[in-house]
Amino acid sequence: MPDIKDYKGQTPAWCPGCGNFGILRSLKRALVELGLEPHQVLVVSGIGQSGKTPHYMQCNTFNGLHGRTLPVATAARLANHEMVVIAEAGDGDCYGEGGNHFLHAMRRNPNITLLVHDNQIYGLTKGQASPTTAEGTVTKTQPFGVPSEQLNPVALAVAMDAGLVARSFVGDMEHLTEMMKAAIAHKGFALLDIFQPCVTFNKVNTYDWYRKRVKPVGEDYDPEDRLNAFETALIWGEEIPVGVLYRNPGRPAMEERFPVLAGTPLVKQPFDLETGRRAIDSLAL
Ligand SMILES: Cc1ncc(C[n+]2csc(CCOP(=O)(O)OP(=O)(O)O)c2C)c(N)n1
Ligand code: SF4
């Protein structure tokens, strides 16, 4: 049985009180509770405070370019469909720089879990507005207030018929761990948008701000009712629903659409250098 200590990586350099600590702890707990050993897991990230997560874990890891976590995660999953692939991203990283990849990952539906550390700000670069920063918010680079409308990532994901769409808050680590387990267990693309207070650069969306608003969906909530899920995803204000907001277990995962991936993972298939060389030569102009 795996133990949480098996996943221990470098000591985090996040600010004391940062919401990222709760995400890191919950992820390790979720993996252990699912019985996954570090060698079975790949954690991929882009750039940002969220992007440092792989440094703080002991498993297969890859820290890539800003906004590019999803293409790397998708390619890794196609190369080895036995690997559990977790993509970590910030709200700026995923919904800003990586917005195009976010849309196309939802269309393709690879079996990966996307954890968005949604602190509603660019943390690493010291507090510029991100796509989820509320309109009108004053930041160092938007001294007259953010002029654009706030992106609603969960409504967008329901509209895109993403495999699983969930939201949680680091202030309730039990809930967060359960949501991570549901996202990882889902066969297909799973988005988990996580409210992660940036205690240094976001003085609006604090632990208290979230605590007053987040409200788990009830036991009788049906995540497979897409119209209701869309209405629920649109609720934002004094009350913000959290939980598995939408699920479509019927969509085939990307891997299932390629017959070549049905059996042995590509990384375990024999590689013939001569065939590879001929394929490359045939592409040369
Ligand atoms: C293509 C590109 N644009 C901009 C940057 C500079 N940059 C590094 S981190 C960062 C902000 C990260 O914010 P976010 O993705 O919200 O993550 P957080 O740090 O809040 O976790 C930016 C703009 C970069 N590294 N690459
Ligand atoms: S700047 Fe914000 S997101 Fe970055 S480590 Fe500090 S509290 Fe966390």
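Summary of the structure given here. Note that this is a predicted model, so its numbers are computed, not measured.

## Re the overall build of the protein
And step 1. Tallying secondary structure elements over the protein gives 9 helices and 8 strands in all.
And step 2. For 285 residues, the compact-globule estimate of 2.2 N^0.38 gives 19 Å, and the protein sits close to it at 19 Å.
And step 3. Oriented by its inertia axes, the alpha-carbon framework of the protein measures out at about 60 × 45 × 40 Å.
And step 4. Out of the 285 residues in the protein, the part that is buried amounts to 51%.

## A word on the pairing of strand β1 (residues 41-45)
And step 1. Counting buried positions along β1 yields 5 of 5 residues, so the element is predominantly enclosed.
And step 2. Bridge analysis of β1 against strand β3 (residues 84-90) gives 5 bridges, and the strand direction is parallel. Bridge pairing in β3 links Leu-42 to Val-85.
And step 3. Summarising the sheet, β1 and strand β2 (residues 60-63) pair through 4 bridges and their orientation is parallel. Bridging across to β2, Val-44 finds its partner in Phe-62.

## What to know about the pattern of salt bridges
And step 1. Taken as a whole and assessed by the stated rule, the structure comprises 10 salt bridges.
And step 2. Between Glu-255 and Arg-77 there is a salt bridge, with its nearest N and O atoms 2.4 Å apart. Within this pair, whereas Glu-255 is found in the loop between β8 (240-247) and α9 (273-283), its partner Arg-77 is found in helix α2 (residues 69-79), the two being separated by 178 residues in sequence.
And step 3. A relative accessible area of 7% means that Glu-255 is categorised as buried.
And step 4. Judged by relative accessible area, which is 11%, Arg-77 ranks as buried.
And step 5. Between Glu-178 and Lys-181 there is a salt bridge whose closest N-O contact spans 3.3 Å. Residue Glu-178 and its partner Lys-181 are located together in helix α6 (residues 173-185), separated by 3 residues, close to a single helical turn.
And step 6. Take Glu-178: its relative accessible area is 39%, and that puts it in the partly exposed class.

## Some words on the packing of aromatic side chains
And step 1. On inspection of all chains with the given rule, the structure shows 9 aromatic pairs.
And step 2. For the pair Phe-169 and Tyr-207, a centre-to-centre distance of 6.4 Å together with 55° between the ring planes defines the contact as tilted. One end of the pair, Phe-169, is in strand β5 (residues 164-169); the other, Tyr-207, is in helix α7 (residues 207-213), with 38 residues separating them in the sequence.
And step 3. The exposure class assigned to Phe-169 is buried, which follows from its relative accessible area of 4%.
And step 4. The interplanar angle of 70° and the centroid separation of 5.9 Å between the aromatic rings of Phe-195 and Trp-236 together place this pair among those described as edge-to-face.

## Re the nonpolar core
And step 1. Core analysis: the largest hydrophobic core is formed by 36 residues, its most contacted members being Leu-31, Val-41, Ile-86 and Met-180.
And step 2. Listed by contribution, the elements that provide at least two residues to this core are α1 (20-33), β1, β3, β5, α6, β6 (190-195), α7 and β8.
And step 3. The biggest single contributor to this core is α1, with 6 residues.
And step 4. Grouped together as the second largest cluster of nonpolar side chains are 29 residues, Ile-112, Val-158, Ala-162 and Leu-191 included.

## A closer look at the site of ligand 1
And step 1. With respect to spatial proximity, 16 residues lie near ligand 1, and among them Gln-49, Asp-93, Tyr-122, Gly-123 and Leu-124 are the closest.
And step 2. The separation between an oxygen atom of ligand 1 and a polar main-chain atom of Gln-49 is 2.8 Å.
And step 3. When the free accessible area of ligand 1 is taken as 590 Å², the share hidden by the protein chains comes to 73%.
And step 4. Partitioned by chemical class, the residues of the shell around ligand 1 number 4 nonpolar, 9 polar and 3 charged.

## Some remarks on helix α4 (residues 99-108)
And step 1. Gly-99, Phe-102, Ala-105 and Met-106 are the residues of α4 that are buried. With its buried residues spanning 125° around the axis, α4 presents them on a single face.
And step 2. Residue Asn-109 follows α4 closely and has a positive phi angle near 60°.

Rules behind the numbers
Residues numbered from 1 in each chain as written. Chains lettered and ligands numbered in written order. Predicted model: local features only at pLDDT ≥ 70, side-chain atom pairs only at ≥ 80, totals over all residues. Heavy atoms only, no water. Helix = DSSP H or I, 4+ residues; strand = E, 2+ residues; numbered from the N terminus. Rg over C-alpha atoms; globule rule 2.2 N^0.38 Å. Buried < 20%, exposed > 50% of the residue type's maximum accessible area, 1.4 Å probe, protein only. Pairing = 2+ DSSP bridges. Salt bridge = Lys/Arg side-chain N within 4 Å of Asp/Glu carboxyl O. Phe/Tyr/Trp six-rings, centres within 6.5 Å; stacked < 30°, edge-to-face > 60°. Core = buried A, V, L, I, M, F, W, Y, C linked by side-chain atoms within 4.5 Å. Near = heavy atom within 4 Å. Polar contact = N/O pair within 3.5 Å; in protein donor to acceptor, adjacent residues only side chain to side chain. Areas by Shrake-Rupley, 256 points an atom, 1.4 Å probe, with all protein chains shown as cover. Nonpolar A, V, L, I, M, F, W, Y, C, P; charged D, E, K, R; others polar. Arc of directions from axis to C-beta.

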